[in-house]
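# Chain and residue survey
Each chain, written out:
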Amino acid sequence: MNLPKLAVSLLTKRNMSSSDLQAFARNSKKILGAALNYMDVVRERNAPLPKTPVVFLKPSTSLIEEGKDIVIPKVFTKVAHEVELGVVIGKHCKNVSAADAFSYVGGYCLALDMTAQCDLGEARKNGLPWSMGKGFDTSTPVSRLIRAEELGDPHNLPLWLKVNGKMIQEGNTSDLIFNVADLISYCSKYMTLEPNDIILTGTPKNALPIKDGDVIEAGIGNLINMKFKCKNEM
């Protein structure tokens, strides 16, 4: 969906003011993540196209901002990076249509959905929840709030991630299976979305494990970038 600049501006005026959301990472009550939401991942895995979004929950205690480290828990042997566009909800949202969804967007952020692949693999195989492998402390690093008019079209954004200066992940949000409006509408059918809540829209391919001492740098084109150091739990 391509939004004209005027439409983006009008929608932004209907949301909470951006100043109210600047501290979204400290005030968020919940984070919803979309899994298997990039076409390149589906093609790489030769997986069937999901008919509805695959959504999981992460606790607000997983959120960190720049200046803090990503801590790899002792209980995990394989934690991987996932670069994503995050959507910050601007006002209470329940049972909204995809057509109305953008009026509930307060802004966006760049996010990492750090994932314990060792745990998630077992959970998927046995039909168990993903909570531990997705929700551990420091597993959701985020950038500052990005205003809607600053971001432009959320469905044509180049995402990238480097580890120790080497480019690892590259993708574009035009490759999303379920777009921002789809995800907001779908999630709002099941639970009320509140100001500062975050929806993570999924990651492109090449989500690879990290190790102690690695430095992750990620960005949305030249618009914004962020950097985090990884370390083992002591």
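## A word on the overall build of the protein chain
Helices and strands together make up the secondary structure of the protein chain, namely eight helices and 14 strands. Taken over the C-alpha trace, the protein chain has a radius of gyration of 17 Å; the compact-globule value for 234 residues is 17 Å, and the two agree within 12%. Each principal axis of the C-alpha distribution contributes one length, and for the protein chain these read about 45 × 40 × 30 Å. The buried share of the protein chain, reckoned over its 234 residues, is 53%. Long-range contacts, defined as pairs at least 24 residues apart, comprise 78% of the intrachain contacts of the protein chain with a sequence gap of at least 6. In the structure as shown, the protein chain presents an accessible area of about 10,800 Å², 51% of it carried by carbon and sulfur atoms.

## Notes on the nonpolar core
Counting 52 residues, the largest nonpolar core has Tyr108, Leu112, Ile184, Ile199, Ile216 and Ile220 as the members making the most contacts within it. If one sorts the elements of this core by residue count, helix α8 (residues 180–190) sits on top with five residues. For Leu112, the contacting residues outside a window of four places in its chain are Ile70, Glu82, Val83, Ser139, Thr140, Pro141, Leu161, Ile216, Ala218, Met226 and Phe228.

## Considerations on the sheet that holds strand β10 (residues 158–163)
Pairing is mixed across the open sheet formed by five strands, whose spatial order is β4-β14-β13-β10-β11. Only two strands of the sheet have a single partner each, and these edge strands are β4 (70–72) and β11 (166–172). Taking each pair of neighbouring strands and ignoring which way they run, the sheet shows an average axis angle of 20°. Alignment of β10 against strand β13 (residues 215–220), held across five bridges, turns out to be antiparallel.

## Looking at the packing of aromatic side chains
Applying the stated criterion across every chain yields a total of three aromatic pairs. When the centroid spacing of 5.7 Å and the interplanar angle of 40° are considered together, the rings of Phe56 and Trp130 count as tilted. With Phe56 in strand β2 (residues 54–59) and Trp130 in the loop between α5 (117–126) and α6 (131–135), the pair connects residues that are 74 residues apart, well separated along the chain. Across this residue pair, the class does not change: Phe56 and Trp130 are buried. A cation over an aromatic ring shows up here: Lys91 above the ring of Tyr104, its NZ or CZ 5.1 Å from the ring centre. Positioned above the aromatic ring of Trp130, the side-chain terminus of Arg124 is 4.9 Å from the ring centre.

## Brief notes about the confidence of the model for the protein chain
The share of residues in the protein chain with pLDDT of 70 or more is 93%, and the mean pLDDT across the chain is 93. In the predicted structure, residues 4–14 sits below a pLDDT of 50 and forms 10 contacts with residues beyond four places in sequence or in another chain.

## Topic: the environment of Met234
Tracing the sequence through the fold places Met234 in the segment after β14 (224–232). Residue classification places Met234 among the exposed residues on the basis of a relative accessible area of 84%. Note: C-alpha distance between Met234 and Val71 (163 residues apart in sequence) is 9.0 Å.

## Describing the side chain of Ser143
Topologically, Ser143 is positioned in the loop between β9 (140–142) and α7 (148–151). Here the side chain of Ser143 touches Leu110 through a polar contact of 2.9 Å, landing on its backbone nitrogen.

## Focus: the layout of surface pockets
Taken as a whole, the largest pocket spans an internal volume of roughly 460 Å³. If you trace the largest pocket, you find 26 residues lining it, with Val41, Arg45, Glu82, Arg124 and Ala207 closest to the centre. Those elements that place two or more of their residues in the lining of the largest pocket are β1 (30–35), α4 (39–45), β2 and α5. Grouping the constituent residues of the lining of the largest pocket by class yields 11 nonpolar, seven polar and eight charged.

So, how was this worked out
- Residues numbered from 1 in each chain as written.
- Predicted model: local features only at pLDDT ≥ 70, side-chain atom pairs only at ≥ 80, totals over all residues.
- Heavy atoms only, no water.
- Helix = DSSP H or I, 4+ residues; strand = E, 2+ residues; numbered from the N terminus.
- Rg over C-alpha atoms; globule rule 2.2 N^0.38 Å.
- Buried < 20%, exposed > 50% of the residue type's maximum accessible area, 1.4 Å probe, protein only.
- Contact = heavy atoms within 4.5 Å.
- Areas by Shrake-Rupley, 256 points an atom, 1.4 Å probe, with all protein chains shown as cover.
- Core = buried A, V, L, I, M, F, W, Y, C linked by side-chain atoms within 4.5 Å.
- Pairing = 2+ DSSP bridges.
- Axes fitted to C-alpha atoms, helices over the stretch in contact; angles between N-to-C directions.
- Phe/Tyr/Trp six-rings, centres within 6.5 Å; stacked < 30°, edge-to-face > 60°.
- Lys NZ or Arg CZ within 6 Å of the ring centre and 35° of its normal.
- pLDDT = per-residue confidence, 0-100.
- Polar contact = N/O pair within 3.5 Å; in protein donor to acceptor, adjacent residues only side chain to side chain.
- 1 Å grid on protein atoms, 1.4 Å probe; cavity = no way out; pocket = protein on both sides within 12 Å on 5 of 7 lines; lining within 4 Å.
- Points joined across faces, edges and corners; volume = space filled by probe spheres on them.
- Nonpolar A, V, L, I, M, F, W, Y, C, P; charged D, E, K, R; others polar.

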